[in-house]
There are 2 protein chains.
Amino acid sequence: MSESPFAGRPAPARPPLQFYFDFSSPYSYVASEWVNAVAARHGRTVQWHAILLGVTFQAAELKPPVAHPIKRDYSLRDFERSAHFAGLPYRQPEHFPIATHNAARVFWWLHDTQGAQQAVSFARAGLRAYFTRGVVLSDAAQLRALVTELGLDAQAAEAAWQDEHWKQRLRAVNEAAVAAGVFGAPFFLIDGEPFWGNDRQPQIERWLASGPFTRL
Amino acid sequence: MSESPFAGRPAPARPPLQFYFDFSSPYSYVASEWVNAVAARHGRTVQWHAILLGVTFQAAELKPPVAHPIKRDYSLRDFERSAHFAGLPYRQPEHFPIATHNAARVFWWLHDTQGAQQAVSFARAGLRAYFTRGVVLSDAAQLRALVTELGLDAQAAEAAWQDEHWKQRLRAVNEAAVAAGVFGAPFFLIDGEPFWGNDRQPQIERWLASGPFTRL
């Protein structure tokens with residue numbers, strides 16, 4: 001049926017989705033639960049990037065939604081509603097937002113020393129732990145316990161998050177994200193096209209299915 | 001089949017959707033094109049409220065998305081992409097954003113003197129004119145021309161937007177919107193539940209179809 005010059009050859013690999021998230025971002029949690037499945041349906045993979053949302057907010061002169069008086073109540077309501085809409089459990093953490101640099105450094109330590117898949121497993125577990133069980137990832141003891149739960153070496157993880165090397169690694173990741181135009185989380189770069197927010201899922205699905213639908 | 005005590009009686013009327021928009025809001029334009037149809041599919045009507053986004057931003061200590069350096073480029077791209085995703089034409093107006101108090105006063109003047117339907121027709125025409133043809137609604141001559149195009153009395157419209165009565169009417173509408181928790185546009189209140197943004201359409205559809213899907 002096909003007259004494609006590629007008939008009989010394997011399809012050329014399409015570039016992976018770039019997925020930026022912060023461990024303290026409820027919408028990142030929701031997106032983390034669908035991004036791999038959506039990408040896979042379209043023959044794509046996902047590169048996960050743990051970033052610090054605070055750094056991108058600062059670069060874009062933005063504040064988190066819960067910092068605004070009227071917007072706060074709405075946001076807390078919308079976090080849970082958006083999770084339930086996606087079929088996910090959600091429990092608003094009592095401590096919110098939290099500092100996520102230690103968790104993000106563990107992510108990059110795992111990424112560089114044990115591979116992307118291990119890092120992604122940790123990311124998904126961390127987001128679920130925080131947003132369904134209130135595990136405070138900024139607390140050293142709770143972060144160590146989570147790492148242990150996942151069968152990883154908690155002592156090595158703690159050494160990593162205190163190590164200047166992984167601090168610098170995360171700084172470089174944040175700078176690269178800001179340079180790429182990332183100003184929030186979750187944030188997606190797909191074939192160079194930026195998509196901001198969990199609520200861009202339908203547009204992302206259409207983009208993956210049939211490419212650009214806009215003249216820009 | 002039914003054991004409802006209402007069997008055989010007409011279903012009780014369900015309350016209308018409250019839809020808040022600003023004439024200079026691209027996402028309001030997109031939402032204005034689907035809100036009535038979506039409501040109608042679920043046996044609902046829509047009450048439209050022309051508001052001034054600037055007033056709600058101020059109350060919530062927010063800035064428009066295009067006021068932020070990095071967010072601006074993304075927003076301009078996303079405006080058009082979101083319109084095209086919804087199957088709508090879009091042309092980014094050269095003059096953007098614009099003051100919309102005159103257009104909003106014409107809306108309320110029509111609403112109170114000729115009925116909600118006439119006001120909604122004007123709103124849809126105004127949003128389309130601005131976002132597909134660049135008609136500058138803040139310009140008196142262009143606003144008069146638009147009113148004339150719609151078969152309405154341009155002189156009476158101009159008298160209305162300069163009249164203290166309609167200025168006060170709009171101020172009261174804005175205050176009521178802020179009091180109801182509105183901090184952006186488009187904004188929807190459905191059975192008391194707040195939904196912010198054109199991108200909440202899927203959640204709105206589910207809410208209308210099957211009610212609350214969250215514990216809050």
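Note that the structure is a prediction, hence the values are computed from the model and not measured.

## Some points on the packing of aromatic side chains
Residue and element names in this part refer to chain A. Taken as a whole, this structure holds 46 aromatic pairs over all chains when the rule is applied. Ring geometry for tyrosine 29 against tyrosine 90: centres 6.3 Å apart, planes inclined by 35 degrees, an arrangement best described as tilted. Here tyrosine 29 is found in helix 1 (residues 26–41), whereas its partner tyrosine 90 is found in the loop between helix 3 (69–85) and helix 4 (101–114), with 61 residues between them in sequence. Assigned by exposure class, tyrosine 29 and tyrosine 90 land together as buried. Here a set of aromatic residues connected by ring pairs shows up, and it is made of Phe19, Phe21, Phe23, Trp34, Trp48, Phe107, Trp108, Phe122 and Phe188. Over the aromatic face of phenylalanine 213 sits the side chain of arginine 206, whose NZ or CZ is 5.6 Å from the ring centroid.

## Comments concerning the interface of chain B and chain A
Of the residues lining the interface, 37 residues belong to chain B; the matching set on chain A comes to 37 residues. Summed over both sides, the interface of chain B with chain A buries roughly 3800 Å², with 56% coming from carbon and sulfur. Linking chain B to chain A there are eight salt bridges. Among the salt bridges present, the one from aspartate 78 of chain A reaches arginine 200 of chain B, with a minimum N-O distance of 2.6 Å. Our count for the contact surface shared by chain B and chain A stands at 20 residue pairs in polar contact (both at pLDDT 80 or more). Of all the secondary structure elements, the ones that give two or more residues to the side of chain B that touches chain A are helix 3 (69–85), strand 4 (193–196) and helix 9 (201–210) of chain B. Of the residues forming the side of chain B that touches chain A, the biggest block, twelve residues, is contributed by helix 3 of chain B.

## Examining the relation of the copies chain B and chain A
If you rotate chain B by 180 degrees and push it 0.0 Å along the axis, it lands on chain A with an RMSD of 0.0 Å. The superposition of one copy onto the other is thereby described by a two-fold rotation axis. Of every C-alpha in chain B, the one belonging to aspartate 199 of chain B sits nearest the axis of rotation, 3.1 Å from it. Interface overlap between copies is the fraction of interface residues in one copy that are interface residues in the other; for chain B against chain A it reaches 100%, indicating a shared surface.

## What to know about the pattern of salt bridges
Once their charged atoms are close, side chains differing in charge can pair, the charge on each being opposite to the other. Going through the model one piece at a time under the given rule, you end up with 28 salt bridges over all chains. A salt bridge links glutamate 158 of chain A to arginine 144 of chain A; its shortest N-O distance comes to 2.8 Å. Of this pair, glutamate 158 of chain A sits in helix 7 (residues 154–161) while arginine 144 of chain A sits in helix 6 (residues 140–149); the two residues are 14 residues apart in sequence, bridging distant segments of the chain. Exposure remark for glutamate 158 of chain A: the relative accessible area of 18% places this residue in the buried category. With relative accessibility at 30%, the residue arginine 144 of chain A sits in the partly exposed group. Several salt bridges share partner residues, and in doing so they unite Arg77, Asp78, Arg81, Glu193, Asp199 and Arg200 of chain A together with Arg77, Asp78, Arg81, Glu193, Asp199 and Arg200 of chain B into one network.

## What to know about the sheet that holds strand 3 (residues 187–190) of chain A
Residue and element names in this part refer to chain A. Strand order in the open sheet formed by four strands is 2-1-3-4, and the pairing between neighbours is mixed. Lying at the two open borders of the sheet, with one neighbouring strand each, are strand 2 (46–50) and strand 4 (193–196). Here the average twist between neighbouring strands, direction ignored, is 20 degrees. As defined by bridge partners, strand 1 (residues 17–21) adjoins strand 3 across three bridges and the pair is classed as antiparallel. The residue bridging tyrosine 20 from the neighbouring strand is phenylalanine 187, located in strand 3. Where helix 1 meets the sheet, its contacts fall on strand 1, strand 2 and strand 3, and the angle it forms with strand 1 comes to roughly 165 degrees. Sheet contacts for helix 4: strand 1 and strand 2; angle to strand 2, the most-contacted strand, approximately 140 degrees.

## Focus: unusual backbone geometry
Cis geometry marks the peptide bond from alanine 185 of chain A to proline 186 of chain A; its omega dihedral reads 0 degrees. Residue phenylalanine 96 of chain B is joined to proline 97 of chain B through a cis peptide bond whose omega torsion reads -10 degrees. By secondary structure assignment, the location of proline 97 of chain B is in the loop between helix 3 and helix 4 (101–114). Positive phi values are uncommon outside glycine, yet aspartate 191 of chain A reaches one of about 55 degrees. Residue position: aspartate 191 of chain A is located in the loop between strand 3 and strand 4.

## Re the pairing of strand 1 of chain A
Residue and element names in this part refer to chain A. The element strand 1 is largely enclosed, with a buried count of five among its five residues. What you see with strand 1 is no split at all: Leu17, Phe19 and Phe21 on one side and Gln18 and Tyr20 on the other are buried throughout. Note that strand 1 and strand 2 share five bridges and pair parallel. Within the sheet, the bridge partner assigned to glutamine 18 lies in strand 2 and is glutamine 47. After leaving strand 1, the chain enters helix 1 and then returns to the sheet as strand 2, a path that is right-handed.

## Re helix 7 of chain A
Residue and element names in this part refer to chain A. If you check which residues of helix 7 are buried, you get Ala154, Ala157, Glu158, Ala160 and Trp161. With its buried residues spanning 160 degrees around the axis, helix 7 presents them on a single face. Residues of helix 7 that are buried make contact with helix 4, helix 6 and helix 8 (164–179).

Conventions and cut-offs
Residues numbered from 1 in each chain as written. Chains lettered and ligands numbered in written order. Predicted model: local features only at pLDDT ≥ 70, side-chain atom pairs only at ≥ 80, totals over all residues. Heavy atoms only, no water. Phe/Tyr/Trp six-rings, centres within 6.5 Å; stacked < 30°, edge-to-face > 60°. Helix = DSSP H or I, 4+ residues; strand = E, 2+ residues; numbered from the N terminus. Buried < 20%, exposed > 50% of the residue type's maximum accessible area, 1.4 Å probe, protein only. Lys NZ or Arg CZ within 6 Å of the ring centre and 35° of its normal. Contact = heavy atoms within 4.5 Å. Buried area = accessible area lost by both parts, 1.4 Å probe. Salt bridge = Lys/Arg side-chain N within 4 Å of Asp/Glu carboxyl O. Polar contact = N/O pair within 3.5 Å; in protein donor to acceptor, adjacent residues only side chain to side chain. Least-squares fit on C-alpha atoms with pLDDT ≥ 70 in both. Pairing = 2+ DSSP bridges. Axes fitted to C-alpha atoms, helices over the stretch in contact; angles between N-to-C directions. Right-handed = clockwise from strand over helix to strand, strands pointing away. Arc of directions from axis to C-beta.

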